[in-house]
Amino acid sequence: MKKVLITGTAGFIGFHLARQLLRDGFSVHGFDGMTDYYDVRLKQRRTQILLQSEGFAFTEGMLEDDALLRRVADDVQPDMIVHLAAQAGVRYSLENPRAYIDSNVVGTFNVMEIAREYAVQHLLMASTSSVYGANEQMPFRETDKADAQLTIYAATKKANESMAHSYAHLWDIPTTMFRFFTVYGSWGRPDLALFKFVDAILEGRPIDIYNHGEMYRDFTHIDDLVRGIRLLMDAVPERPASPDNIAENDTLSPVAPFRVVNIGNSEKVRLLDFVEAIEAELGIEAKRNYMDMQPGDVPATWADTSLLQSLTGYRPSTNVRDGIAEFVAWFRDYYGK
Ligand SMILES: NC(=O)c1ccc[n+]([C@@H]2O[C@H](COP(=O)([O-])OP(=O)(O)OC[C@H]3O[C@@H](n4cnc5c(N)ncnc54)[C@H](O)[C@@H]3O)[C@@H](O)[C@H]2O)c1
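Thresholds, definitions, all that
- Residues numbered from 1 in each chain as written.
- Predicted model: local features only at pLDDT ≥ 70, side-chain atom pairs only at ≥ 80, totals over all residues.
- Buried ≥ 20, exposed ≤ 12 C-beta atoms within 10 Å, placed from the backbone.
- Helix = DSSP H or I, 4+ residues; strand = E, 2+ residues; numbered from the N terminus.
- Right-handed = clockwise from strand over helix to strand, strands pointing away.
- Pairing = 2+ DSSP bridges.
- Near = placed C-beta within 6 Å.
- Nonpolar A, V, L, I, M, F, W, Y, C, P; charged D, E, K, R; others polar.
- Contact = placed C-beta atoms within 7 Å.
- Axes fitted to C-alpha atoms, helices over the stretch in contact; angles between N-to-C directions.
- Parallel < 35°, antiparallel > 145°, perpendicular 65-115°, else oblique.
- Left-handed = near helix turned anticlockwise from the far one by under 90°.
- Expected span 1.5 Å × (residues − 1).

Caption draft 1: Here's a closer look at the pairing of strand β1 (residues 3-7). The element β1 is extensively covered by neighbouring structure, given that four of its five residues are classed as buried. In this fold, β1 hands off to helix α1 (residues 12-23), which returns the chain to strand β2 (residues 27-32); that crossover is right-handed. Looking at chain direction, β1 and strand β4 (residues 80-83) are connected through four bridges and run parallel. Each residue of the ladder has a partner; that of L5, found in β4, is I81.

Caption draft 2: Local environment of the site of the ligand. Within the structure, the ligand sits among 27 residues, and G11, G33, A85, A86 and S103 are positioned closest to it. Counting residues per element, the ones that place at least two in the shell around the ligand are α1, α5 (97-117) and β5 (122-128). Among the elements that make up the shell around the ligand, the one with the highest residue count is α1 (three residues). Considered class by class, the residues forming the shell around the ligand number 13 nonpolar, 10 polar and four charged.

Caption draft 3: Geometry of the environment of Q77. Tracing the backbone shows Q77 in the loop between α3 (66-76) and β4. Between the C-alpha atom of Q77 and that of I114, which follows or precedes it by 37 residues, the distance is 9.9 Å. Excluding its chain neighbours within four sequence positions, the residues that come into contact with Q77 are K3 and Y118.

Caption draft 4: The packing of helix α7 (residues 193-203) against helix α9 (residues 271-282), seen in detail. Remark: α7 packs on α9, axes separated minimally by 11 Å, with the N-to-C direction vectors making an angle of 50°. Considering their axes alone, α7 and α9 lie oblique with respect to each other. When the axes of α7 and α9 are compared, the crossing they make is right-handed. Residues F197, V198, I201 and L202 of α7 lie in contact with α9, whose contacting residues are V275, I278 and L282.

Caption draft 5: Geometry of the environment of L311. Of note, L311 is situated in helix α10 (residues 306-312). Residue classification places L311 among the buried positions, given that 20 C-beta atoms sit within 10 Å. Expressed as a C-alpha distance, the spacing of L311 and A164, which sit 147 residues apart in the sequence, is 20 Å.

Caption draft 6: How the structure looks around helix α8 (residues 222-233). Across its 12 residues, α8 extends 16 Å between first and last C-alpha, which sits within 8% of the 16 Å expected from 1.5 Å per residue. All of the buried residues in α8 are I222, D224, L225, V226, G228, I229, L232 and M233.

Caption draft 7: Representation of unusual backbone geometry. The amide bond that connects M138 to the next residue, P139, takes the cis arrangement and shows omega of -10°. With respect to the helices and strands, P139 occurs in the loop between β5 and α6 (152-171). We note that M34 has phi near 50°; this positive angle belongs to a residue other than glycine. Mapping M34 onto the fold places it in the loop between β2 and α2 (40-51). Exposure remark for M34: the 14 C-beta atoms within 10 Å place this residue in the partly exposed category. Positive phi is not limited to glycine here, since H212 has a value of about 55°. Here H212 lies in the loop between β8 (207-209) and β9 (216-217).

Caption draft 8: Expanded view of the sheet that holds strand β11 (residues 258-263). The strand order β3-β2-β1-β4-β5-β6-β11 describes an open sheet built from seven strands, whose pairing is parallel. Only two strands of the sheet have a single neighbouring strand rather than two, namely β3 (56-60) and β11. For this sheet the average axis-to-axis angle between neighbouring strands, irrespective of direction, equals 20°. Summarising the sheet, β1 and β2 pair through five bridges and their orientation is parallel. Counterpart to V4 in the pairing with β2 is V28. Relative to the sheet, α6 contacts β5, β6 (175-180) and β11, its axis offset from that of β5 by approximately 155°.

Shown next as structure tokens:
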């Protein structure tokens, strides 16, 4: 039985991934600091659900505590590590940038150290579409230059990609970095638009619509994202024999077993259409509060997913109406609203 150490299992994506891997027969050890960036009760509930599976064990701890991480790795002897724990959120990074340096730079370094020490077969870590920053060429391709990050959140994730490349090269750690595009679905994050919109609309509060609605996002449903991660776990990068062997759209490093892969829906959805789909699902019209663009925000994201498809044969395809319906059903049931 393969043993996987997942960081961030009390979080939105880590919870769903752990659940899927447990269904697939993996032994999963979760690690999470249960930070209070958003409602800790949601994190506790996700963890309680995972603990109902025999194949799941959990350690509460911070990534910055390298001695604890090492003890966990020593105990688990993981075949693979999926590192999802992070200080997430674009907007909060303007308020509390240090949390991003601590969790994402120091924390990720500590995870890389245990990947090296325990010679894992594959290290997979979360980056973000935010690394494309000020890029205007759409859809975003992994081979595009991406050097203009607009927030410290995005900068820490770009730094993670760079740090991971060096460790993949030096210590021969096969490493895949995911660039996730706005993930949504049941058990989703309270700080993200869909959760905030549904909650506010149901309570009759106005919703803030940034850039007067002229925003576009590539919304990725959590089930599609988990499927993409699961398939990429088996697409272990190998150090190329020669740079000539690398396909044109591949980000495989010429010198290291390392690649970066977008996971998105490859569909650009206008924010106002997204809001209308939520209204239609709830049967309630939203009170709209049109606002200017927020500092650090980007007007659009849109993923080219041809690399994911060529590596795994899989292309995410959940349409946003179905995805919203799935979220709303969970939200109403969970919060009894
Ligand atoms: N959800 C999205 O739309 C999205 C998009 C792009 C990238 N990502 C990335 O995907 C990953 C998972 O995101 P998510 O949406 O599940 O976020 P989340 O906030 O729900 O989950 C992250 C988890 O990490 C834990 N954590 C944070 N800092 C920690 C630390 N220093 N030590 C230990 N645990 C810590 C938190 O308690 C939380 O449970 C993150 O790396 C995030 O940056 C998410």
